[in-house]
Amino acid sequence: MALMGDQADASRARHPDETGFVERDGVRVFWERYGEGERTVLFLPTWTFVHARIWKAQIPYFARHFRVVTFDPRGNGRSDRPTEQSAYDEREFMQDALDVLDACDVQRAVVVALSRGAQRGLLLAAEHPERVERIAFLAPMFPVTARSLATRAAFHPRTAGLVHRRPLTTRGFGKFNVWYWSHGGYADFVEWWTAQMLPEPHSTKQTEDSIAWAHETDGTTLGLSFTAAPAAPFTRRAQRQLAERVRCPVLVIHGTRDKATAYADGNALARVTGARLETLRGVGHLAHARKPVAVNLALREFAEGGRRDPTVHRADGRKRALYISSPIGLGHAQRDIAIARELRGLVDGIQIDWLAQHPVTRVLEAEGERIHPASEHLASESGHVEAESAEHDLHCFHAWRRMDEILINNFMVFHDVVREDRYDLWVGDEAWELDYYLHENPGEKRASYAWLTDFVGWLPMPDGGAREALLTADYNAQMVEHVAAHPGLRDRAIFVGNPEDIVDERLGPQLPMIRDWTERNFEFSGYVTGFDPGTFGDRAELRDQLGFGEDEKVCIVSVGGSGVGADLLRRVIQSFESAKRQVPELRMIAVAGPRIDPQALPRREGLEVVAYVHNLYRHLAACDVAVVQGGLTTAMELTASGRPFLYFPLRQHFEQQMHVAHRLDRYGAGRRMDFETADPDVIAAAIAEEVGRPVAYRHVETDGARRAAEKLAELL
């Protein structure tokens, strides 16, 4: 037994509080426990095709409200792969569930079963009713209708042997053949079966997950689990008799587009057990993955016995806004604070709460803003991004795709907050999970909603080839479809910038040009810096306030609010001695930011390394040159203050490489550098050339925060 599961996987929204194995007849089964609620929810494994990670969109949410237990099925994940067919009988899976509950000291649980897991779930509820408080079936395998004749035939004594012989065809359901799986056809079957389970468009990430998990087992093992003894013979009579023995409350959730287990079978199970049937129109087999919000809410209501906590309505009459600011860097926080400040001037007495995480909370706390207590439940997006990065390299698009578990967790945190408390306005600044899941679940909107962003459109990097071009276009197509299907869901869509800041690219083949589509669907606030350089007064006075000497040439090195820029910081530090020789009066200050330990950076005599600096833009306005990453905020702060700077876009980061670079080119700002070719000597020479150089950038407006706040105030 081990406490605190593997912390290395930063893509996970929550790690287990306890892990272990149960062992019976020489077979070890791996289990995990999360949370400490009074009730326990047991998520049963489904077919050996996948393991317990298939519940990743449910576990973090339910672990905040219940104790959650999962285990990997025999034959996949971290459980053993026995070679005897009888080891995969449904009674063995049922006993595994009992053994795991005992190991976790759970006497009684709410059970959730998916697909073939319905067989072991029925058996568990029928034979051990004292252990099952209530049971929910998702897309259950319950072959009793005419739609499931093929399933029953595959297990009929007279025809079951056919699946062990070389098939006459491997097209369509001919792939459902044990001989084929163990004779080179397993990969082909995996791709085909995954497509059957996920017929919905825009299912690329769920498809990749399913295929990857299926390859953690093999065709021979899957064949053993496929042909092992079911909970009851696959006949109408036997299956119905088994279901009739279930006496606890039952919920059935089934999609009408399910190609793996017939919707008619789920309907039949609901009738036999007296269950409530939740029908998901147009949804396939893996509803919990494709429609996790709807499934999570239905399961939670069921687990709580059908109780829904009413929304609290406040009687003080004050307008209230909930602000969600992207934690990827600190730029969003600076501009959002500026917008919030202006909004308070326009809406008397408004209360603004922030649902935020580190490092944004560092800025908010310094400004005295109110951070909602539920923020502690947010999973770290910055931590995930940092884990995805290499040496000055971050494949932004793929990092975001692999953050899906974190995003659904964070949306469910948001949903809990607005379910329990009333707000008049929700503001999401690049809060991607909020915008995506609201469009997927428009019925969950219960306040005015405003969306802000400074770029539109995922773009493929050249190295990504045709596959990445297809994926980015698919994500963009879904965005276009979302907005077209629910044009009024965003009460305000605000682009932080101007139309000319938008790249001259298309959202994808047969899709609109990005600028044309953005102009049709967004309003423009102009850029929001969060400050007006004109208020700094005399620059010499500002330098004196900050402790910069009159004869010093100050170089500020900053890489933003995440830890991704640590490699750039180190390389610029290595350039200091050479730069100092070329500019004797040089003073270099390296700003580590809130997520990089200053003690982990190299030291040089005369070089200053500092931690987080609040309102860094004042230091940037006073410096003689700056070296920064390719993030938009810091670069635009330098542009607004008219300071020379070098910027190094992260490799494979489409936003920095394309969207930000395009905007800086329009402003005539900055000197773009390539981290791969810029060694310390090259950087030193560039610093020497740029330090104190007069610039003539395009003017950056100073009323962007006011304009954005006015658009928000109209909603109140």
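Most of strand 5 (residues 67-71) is tucked away: five of the five residues are buried. Burial along strand 5 is two-sided: Arg67, Val69 and Phe71 facing one way and Val68 and Thr70 facing the other are all buried. Across four bridges, strand 3 (residues 27-34) lies against strand 5 in antiparallel orientation. Bridging across to strand 5, tyrosine 34 finds its partner in valine 68. Pairing geometry for strand 4 (residues 40-43) and strand 5, over four bridges, is parallel. Directly across from valine 41, in strand 5, lies its bridge partner valine 68.

All right, on to the pattern of salt bridges then. Evaluation of the coordinates by the stated rule reveals 63 salt bridges. Between aspartate 393 and arginine 651 there is a salt bridge, with the nearest N and O atoms lying 3.6 Å from each other. Here aspartate 393 is found in the loop between helix 14 (381-388) and helix 15 (396-401), whereas its partner arginine 651 is found in the loop between strand 21 (645-648) and helix 25 (654-667), with 258 residues between them in sequence. One network of salt bridges, with partners in common, ties together Arg24, Arg74, Glu92, Asp96 and Asp99.

Here histidine 358 and proline 359 are connected by a cis peptide whose omega angle stands at 10°. Position of proline 359 among the secondary structure elements: in the loop between strand 11 (351-355) and helix 13 (360-366). We note that aspartate 25 has phi near 55°; this positive angle belongs to a residue other than glycine. Tracing the chain through its elements places aspartate 25 in the loop between strand 2 (18-24) and strand 3. One non-glycine residue, alanine 139, lies in the positive phi region at around 45°. Here alanine 139 lies in the loop between strand 7 (132-138) and helix 4 (149-154).

About the thresholds
- Residues numbered from 1 in each chain as written.
- Predicted model: local features only at pLDDT ≥ 70, side-chain atom pairs only at ≥ 80, totals over all residues.
- Heavy atoms only, no water.
- Buried < 20%, exposed > 50% of the residue type's maximum accessible area, 1.4 Å probe, protein only.
- Helix = DSSP H or I, 4+ residues; strand = E, 2+ residues; numbered from the N terminus.
- Pairing = 2+ DSSP bridges.
- Salt bridge = Lys/Arg side-chain N within 4 Å of Asp/Glu carboxyl O.

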